[in-house]
Amino acid sequence: RNPTRVWEPGMINQESFDYYMEQASNILTPFLRSRRLTQEEPYAPFPTARLQELSESFSWNRLPTLSSVSTASSLPGQKVDALREMDCDALLTNLHASSYDVKLAIASIE
């Protein structure tokens with residue numbers, strides 16, 4: 001099986017990538033939540049002290065849920081409310097297919 005390239009190093013700076021992930025999250029998170037496609041019960045994958053620290057680091061200051069502990073939230077350089085139900089590979093593929101034009105990539109998500 002041949003891999004599909006979904007990332008081209010040096011094609012986008014961190015600031016633009018962070019903006020893309022933030023905008024994608026702003027569109028997809030409410031969509032997923034409104035359709036009850038998320039796991040919103042409190043989730044404790046870490047020891048209590050680490051969980052409290054993580055909870056305080058979130059901009060919304062609430063306990064993490066199964067949906068909020070995700071790879072998507074760790075990709076940007078800033079904190080983003082990105083859920084695990086967001087397909088990171090699809091988001092990266094979309095950005096790559098849009099030639100790293102963030103506005104075009106966001107428009108295709110909308």
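Everything that follows concerns the structure shown earlier in this document.
Residues numbered from 1 in each chain as written. Predicted model: local features only at pLDDT ≥ 70, side-chain atom pairs only at ≥ 80, totals over all residues. Heavy atoms only, no water.

*Asks:* Just checking my understanding: could you explain the environment of Phe17 for this structure?
*Replies:* Relative to the elements of secondary structure, Phe17 occurs in helix H1 (residues 14-34). Given a relative accessible area of 7%, Phe17 falls into the buried group. In the structure, Phe17 is positioned 85 residues away from Val102 in sequence and 7.8 Å away in space, judged by C-alpha atoms. (Helix = DSSP H or I, 4+ residues; strand = E, 2+ residues; numbered from the N terminus. Buried < 20%, exposed > 50% of the residue type's maximum accessible area, 1.4 Å probe, protein only.)

*Asks:* Would you take a moment to explain the packing of H1 against helix H4 (residues 102-109) for this structure?
*Replies:* The description of two helices packed together rests on the angle between their axes and the distance between the axes. It is the contact of H1 with H4, at a shortest axis distance of 10 Å, that shows an interaxial angle of 15°. It follows from the interaxial angle that H1 and H4 lie roughly parallel. In this structure, H1 meets H4 at a crossing whose hand is right-handed. Facing H1, whose interface residues are Ser16, Tyr19, Tyr20, Gln23, Ala24, Ile27 and Leu28, H4 presents Val102, Ala105, Ile106 and Ile109. Classifying every residue of the contact of H1 with H4 by side-chain character gives 9 nonpolar, 2 polar and no charged. (Axes fitted to C-alpha atoms, helices over the stretch in contact; angles between N-to-C directions. Parallel < 35°, antiparallel > 145°, perpendicular 65-115°, else oblique. Left-handed = near helix turned anticlockwise from the far one by under 90°. Contact = heavy atoms within 4.5 Å. Nonpolar A, V, L, I, M, F, W, Y, C, P; charged D, E, K, R; others polar.)

*Asks:* Explain unusual backbone geometry here, please?
*Replies:* With the exception of glycine, the majority of residues adopt a negative phi angle, and the majority of peptide bonds are in the trans configuration. With a phi angle near 55°, Ser99 is a residue other than glycine that sits in the positive phi range. For Ser99, the location among the structural elements is in the loop between helix H3 (88-97) and H4.

*Asks:* Looking at this model, I keep getting lost on the side chain of Asn94. Mind explaining?
*Replies:* Mapped onto the secondary structure, Asn94 falls in helix H3. Judged by its relative accessible area of 16%, Asn94 falls in the buried class. When neighbours within four sequence positions are excluded, Asn94 is seen to be in contact with Tyr20, Ala105, Ser108 and Ile109.

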